[in-house]
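# Topology and contacts: notes
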Amino acid sequence: MLRKRSAAVMSAALLMSVALAACGGNSNNNASGNTANNASNSAQNGSAGNTSGEVKTVKIFQFKTEIVEGLNELKVEFEKEYPNIKLDIQTVGGGADYAAALKTKFASGDAPDIFSNGGYAEMALWQDKLEDLSDQPWVKDLIPLAAEPMTKDGKTYGMPMNLEGIGYVYNKDLFAKAGITNTPKTISELEEDAKKLQAIGVTPFGNAYQEWWLLGNQGISVAFAQQDNVNEFIDGLNAGTSTIVGNPVFKDWSNLLNLTVKYGQKNPLTTDANTHLAMFASGETAMMQEGNWAQTLVDNITPGMNIGMFPMPINDDAEKNDKMTVGVPANLVVNKDSSSKEEAKTFLNWLVTSDMGKEYITKKWKFIPALSTIQTTPEDIGALGADVDSYVKEGKVYGLQSSKFPDGVTQEFASVIQQLIAGKVDEAGWEKGMQAAWDKLKK
């Protein structure tokens with residue numbers, strides 16, 4: 001039975017701050033400082049770590065707010081095994097808040113020993129602070145897709161925490177009630193399905209288009225990923241030899257956006273992620289653009305809801321559209337100037353090799369592992385994770401492209417896209433605005 005709408009809204013309001021960090025969203029600061037055991041001896045495994053008997057602190061600064069509780073629980077277990085290493089864990093929600101806070105920490109002399117990095121352009125931004133982790137034992141087990149964002153010149157500079165898929169989360173029971181037997185692989189099929197859902201009194205899409213990260217980070221990634229050669233296209237944007245203006249794939253993407261608005265709820269620009277989650281979990285809407293991190297959020301509102309995920313189709317090329325957007329939301333990197341970098345490496349190795357760490361990655365956090373040595377089941381990661389994982393295993397994926405964008409472009413993109421939704425610019429004006437946003441911030 002579905003819970004009442006009011007209960008769903010209350011639950012979503014409590015929980016969505018968790019989702020925003022997973023999504024690259026901009027949640028409120030959530031800091032957690034920790035104390036440590038004061039024992040003196042340690043039996044090391046993996047990296048060498050601290051064998052002197054001196055108690056050393058590893059300061060961890062990261063942005064995934066949904067794992068704070070789990071990290072603090074793992075801290076206790078880790079410090080039992082390594083009593084001469086204490087962990088000081090601090091968390092600030094992802095996006096601009098985290099980036100600004102990290103820069104402040106380095107500037108003030110309070111640099112962390114381990115911190116989060118999105119890879120690609122962000123890796124280049126922090127390159128002079130990153131320890132080469134290529135000799136770490138877990139590197140050989142990285143899934144190639146997961147290794148890409150933090151690999152440069154054959155060297156690995158970060159540990160990917162997990163893989164996350166982005167697409168449309170859908171209510172399987174409502175699809176079945178509307179007579180929809182297969183998930184759509186083209187935009188024409190998607191519109192036909194939307195009409196069938198409307199016919200049974202269900203709003204097809206719940207659109208949280210107030211949220212910048214949903215539009216300018218995750219959504220628009222598809223328009224980049226479906227370019228003939230995405231890296232050449234991005235290099236061309238930076239060099240001034242490529243353009244968004246008149247690009248047919250961006251036109252296709254805007255058609256999808258317009259379709260979701262046409263078949264969505266009223267006032268999408270004042271709808272936040274809390275509300276679209278509540279609408280979906282109550283059965284008011286049949287689809288929402290989200291990622292597999294939404295599994296635990298939906299479960300907490302409506303346990304046992306019959307849900308799944310499919311990619312976002314932007315045109316009628318079924319083969320191109322049948323690929324899930326999959327990315328690494330966060331990598332843990334080591335500050336190369338840290339006096340505790342060996343202890344930091346010890347913790348990272350323990351996190352992905354210990355039974356306790358593996359259990360938290362899969363069962364507690366419901367992460368899709370980034371290492372082939374961490375096994376999982378659909379029961380561990382939920383139906384959404386299982387759908388994404390099947391696309392990964394079949395090689396039907398597009399990488400999330402936003403980590404390759406110039407710093408700040410995702411927010412600028414979102415603003416221009418919101419203008420299109422509001423009718424303040426037409427299609428041509430939107431394309432020009434997107435290009436101007438890139439040109440303003442490119443290096």
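Residues numbered from 1 in each chain as written. Predicted model: local features only at pLDDT ≥ 70, side-chain atom pairs only at ≥ 80, totals over all residues. Heavy atoms only, no water.

## Remarks on the overall build of the chain
Rules: Segments assigned H or I by DSSP are reported as helices when at least four residues long, segments assigned E as strands when at least two residues long, and all are numbered from the N terminus. A simple rule labels every residue: compare its accessible area, found with a 1.4 Å probe on the protein chains alone, to the largest value its type can have, and call it buried under 20%, exposed over 50%, or partly exposed in between. The contact rule is simple, with two residues in contact once any of their heavy atoms fall within 4.5 Å. Each accessible area is a Shrake-Rupley estimate made with a 1.4 Å probe; only the visible protein chains count as cover when residues are assessed.
From N to C terminus, the chain includes 19 helices and 13 strands. Buried positions account for 57% of the 443 residues belonging to the chain. Expressed as a percentage of contacts within the chain between residues at least 6 apart in sequence, the contacts between residues at least 24 apart total 79%. With an accessible surface of roughly 17,400 Å², the chain has 48% of that area assigned to carbon and sulfur atoms.

## Quick look at unusual backbone geometry
Even without a glycine there, the phi angle at Asp-153 is positive, about 55°. Looking at Asp-153, the relative accessible area reads 72%, which means it is exposed. Unlike most non-glycine residues, Lys-366 shows phi in positive territory, near 55°. Considering the arrangement of structural elements, one finds Lys-366 in the loop between α16 (355–364) and α17 (378–393).

## Quick notes on the sheet that holds strand β2 (residues 85–91)
Cut-off, in case you're wondering: Strands are labelled as partners when DSSP assigns at least two bridges between them.
The mixed open sheet is built from five strands, whose spatial order is β2-β1-β3-β12-β6. One side of each edge strand has no neighbouring strand; the edge strands of this open sheet are β2 and β6 (159–160). Pairing geometry for β6 and strand β12 (residues 331–334), over two bridges, is antiparallel. Its bridge partner being in β12, Pro-160 is matched across the sheet by Asn-331.

## Some points on helix α11 (residues 248–262)
Our working rule: Helices are assigned an expected span. That span is 1.5 Å times one less than the residue count.
Compared with the 21 Å implied by 1.5 Å per residue over 15 residues, the 21 Å span of α11 between its first and last C-alpha is a close match. Residues of α11 that are buried include every one of Val-249, Phe-250, Asp-252, Trp-253, Ser-254, Leu-256, Leu-257, Leu-259 and Thr-260, and no others.

## Focus on the pairing of β12
Residues Asn-331 and Val-333 of β12 are buried on one face, and the alternating residues Leu-332 and Val-334, pointing to the opposite face, are buried as well. Note: strand β3 (residues 114–117) against β12, four bridges, orientation antiparallel. Bridge pairing in β12 places Phe-115 opposite Val-333.

## Thoughts on the pairing of strand β1 (residues 56–62)
Basically, it comes down to this: Looking down the strands as they point away from you, a crossover is right-handed if its path from the first strand over the helix to the second goes clockwise.
Most of β1 is tucked away, with five of its seven residues classed as buried. Of the strand pairs in this sheet, β1 and β2 are connected by seven bridges, and their pairing is parallel. In the strand pairing of β2, Lys-56 is matched with Ile-85. For the crossover from β1 across helix α2 (residues 68–81) to β2, the handedness is right-handed. The pairing of β1 with β3 spans two bridges and is parallel.

## Overview of helix α18 (residues 409–422)
Between its first and last C-alpha atoms α18 spans 20 Å; for 14 residues at 1.5 Å apiece the expected length is 20 Å, and the two agree. Residues of α18 that are buried include every one of Val-409, Thr-410, Phe-413, Ala-414, Val-416, Ile-417, Leu-420 and Ile-421, and no others. Contact partners of the buried residues in α18: α8 (212–219), α9 (221–225), α11 and α19 (427–441). Downstream of α18 by one or two residues, Gly-423 has phi in the positive range, about 80°.

## Re the confidence of the model for the chain
Which entries qualify depends on this criterion: Confidence of the predictor in every single residue is expressed as pLDDT, which spans 0 to 100.
With 88% of its residues at a pLDDT of at least 70, the chain reaches an overall mean of 89. Between residues 1–49, whose pLDDT stays under 50, and residues either more than four places distant or in other chains, the model counts 138 contacts.

## A word on the packing of aromatic side chains
The way to describe two aromatic rings as a pair is by their centre distance and the angle between their planes. Note the threshold: Each aromatic pair joins two rings of Phe, Tyr and Trp (for Trp, the six-membered one) with centres within 6.5 Å, and gets the label stacked for planes under 30 degrees apart, edge-to-face for over 60, and tilted for any other angle. Charges are assigned to positions over rings by a cutoff of 6 Å between ring centre and Lys NZ or Arg CZ, combined with an angular limit of 35 degrees from the ring normal.
Evaluated as defined, the whole model comprises 27 aromatic pairs. Plain terms: the ring middles of Phe-78 and Phe-347 are 5.2 Å apart, the flat faces sit at 85° to each other, and that makes the pair edge-to-face. A residue pair is termed long-range when its members are at least 10 positions apart, and Phe-78 in helix α2 and Phe-347 in helix α15 (residues 341–353) qualify at 269 residues. What makes Phe-78 buried here is its relative accessible area of 0%. The structure contains a cluster of three or more aromatic residues connected by ring pairs, namely Phe-224, Phe-233, Phe-250, Trp-253, Phe-405, Phe-413, Trp-430 and Trp-438. A cation over a ring is seen here: Lys-105 above Phe-61, with NZ or CZ 5.1 Å from the ring centre.

## Details of the nonpolar core
Our working rule: In these notes, a set of buried Ala, Val, Leu, Ile, Met, Phe, Trp, Tyr and Cys residues joined through side-chain atoms within 4.5 Å is what counts as a nonpolar core.
In terms of nonpolar packing, the biggest core is built from 72 residues, with Ile-114 and Phe-115 touching the most fellow members. The element that contributes the greatest number of residues to this core is α15, accounting for six residues. Discounting residues that sit within four places of it in the chain, Ile-114 has contacts with Val-58, Lys-59, Ile-60, Phe-61, Leu-332, Val-333, Val-334, Ala-344, Phe-347 and Leu-348. Counting residues in hydrophobic clusters, the runner-up holds 55 residues, among them Trp-213, Leu-215, Ile-244 and Ala-273.

## Remarks on the pattern of salt bridges
Pairing between side chains of opposite charge can happen when the charged atoms of each approach one another. Condition: When a carboxyl oxygen of Asp or Glu lies within 4 Å of a side-chain nitrogen of Lys or Arg, that pair is called a salt bridge.
Taken as a whole and judged by the stated rule, the model has 22 salt bridges. Residue Glu-164 is joined to Lys-64 by a salt bridge in which the shortest nitrogen-to-oxygen separation is 3.3 Å. On the criterion of sequence distance, the pair formed by Glu-164 in strand β7 (residues 164–171) and Lys-64 in the loop between β1 and α2 is long-range, its members being 100 residues apart. Judged by relative accessible area, which is 5%, Glu-164 ranks as buried. Owing to a relative accessible area of 1%, Lys-64 belongs among the buried residues under this scheme. With a shortest N-O distance of 3.8 Å, Lys-364 and Glu-69 are connected by a salt bridge. Of this pair, Lys-364 sits in helix α16 while Glu-69 sits in helix α2, and the two are 295 residues apart along the sequence.

## Thoughts on the packing of α18 against α19
Stated precisely, the cut-off is as follows: Angles shown run from 0 to 180 degrees and are taken between the N-to-C directions of axes, each axis being a line fitted to C-alpha atoms and, for helices, limited to the stretch in contact. Orientation categories follow fixed angle ranges, with anything under 35 degrees roughly parallel, anything over 145 roughly antiparallel, 65 to 115 roughly perpendicular, and all other angles oblique. Should the near helix be turned counterclockwise from the far one by less than a right angle, the crossing is left-handed, whereas a clockwise turn marks it as right-handed. Amino acids outside the nonpolar list (Ala, Val, Leu, Ile, Met, Phe, Trp, Tyr, Cys, Pro) and the charged list (Asp, Glu, Lys, Arg) are all regarded as polar, and Gly is one of them.
Here α18 crosses α19 at 165°, and the two axes come no closer than 9 Å. Here α18 is positioned roughly antiparallel relative to α19, judged by the angle of their axes. The chirality of how α18 crosses α19 is right-handed. Residues Val-409, Glu-412, Phe-413, Val-416, Ile-417 and Leu-420 of α18 lie in contact with α19, whose contacting residues are Glu-427, Trp-430, Gly-433, Met-434, Ala-437, Trp-438, Lys-440 and Leu-441. Partitioned by chemical class, the residues of the contact of α18 with α19 number ten nonpolar, one polar and three charged.

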